[in-house]
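What the coordinates show
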Amino acid sequence: MAKHTDTSWKEDHPSTLLSNSVQKANHAVKQAMSHPEEQTVEQACDSISHAENALDNAEQHYGHMDTVQQNKEQLELLEHQLDEVQENMKDQ
């Protein structure tokens with residue numbers, strides 16, 4: 001008999017985990033951009049770090065997939081945006 005879990009295999013798929021992680025990082029960076037405080041920037045950094053780990057995992061398994069490449073590009077953009085927030089915080 002098959003073991004049932006609360007999540008489906010799709011939710012555990014590396015490219016799905018990557019997409020979800022990048023979406024969460026995107027939200028966290030937008031929060032940091034609109035409310036540049038230490039806590040929101042730290043949360044955005046953590047979200048980006050988690051997404052980078054998901055990216056590494058997805059690239060190991062499915063590096064050729066278009067969605068992996070798109071998420072990689074999105075993650076690079078988010079890192080750049082967060083860097084700008086951190087620089088603006090230093091300047092204040």
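The structure this text deals with has already been given above.
Residues numbered from 1 in each chain as written. Predicted model: local features only at pLDDT ≥ 70, side-chain atom pairs only at ≥ 80, totals over all residues. Heavy atoms only, no water.

1. Observations regarding the overall build of the protein
Within the protein one finds 4 helices and 0 strands. Walking the protein from its N terminus toward its C terminus, one meets helices and strands in the order α-α-α-α. Taking all contacts inside the protein whose residues are at least 6 apart in sequence as the whole, residues at least 24 apart take part in 69%. Accessible area of the protein: about 6600 Å², with a carbon and sulfur share of 46%. (Helix = DSSP H or I, 4+ residues; strand = E, 2+ residues; numbered from the N terminus. Contact = heavy atoms within 4.5 Å. Areas by Shrake-Rupley, 256 points an atom, 1.4 Å probe, with all protein chains shown as cover.)

2. As for the environment of Leu 77
The topology assignment puts Leu 77 in helix α4 (residues 66–91). For the pair Leu 77 and Asn 26, spaced 51 residues apart in the sequence, the C-alpha separation amounts to 9.3 Å.

3. A short note on the environment of Asp 83
Secondary-structure assignment places Asp 83 in helix α4. Under the relative-accessibility criterion, Asp 83 is labelled partly exposed at 46%. (Buried < 20%, exposed > 50% of the residue type's maximum accessible area, 1.4 Å probe, protein only.)

4. Some words on the pattern of salt bridges
Going through the model one piece at a time under the given rule, you end up with 2 salt bridges. Residue Lys 72 pairs with Glu 59 through a salt bridge whose shortest N-O separation is 3.5 Å. Taken together, the positions of Lys 72 in helix α4 and Glu 59 in helix α3 (residues 38–62) put the pair 13 residues apart, joining distant regions of the chain. In this structure Glu 59 comes out as partly exposed when scored by relative accessible area, which is 31%. A salt bridge links Glu 87 to Lys 90, with the shortest nitrogen-to-oxygen separation between them at 3.8 Å. On the criterion of helical spacing, the pair formed by Glu 87 and Lys 90 is a turn pair, its members being 3 residues apart in helix α4. (Salt bridge = Lys/Arg side-chain N within 4 Å of Asp/Glu carboxyl O.)

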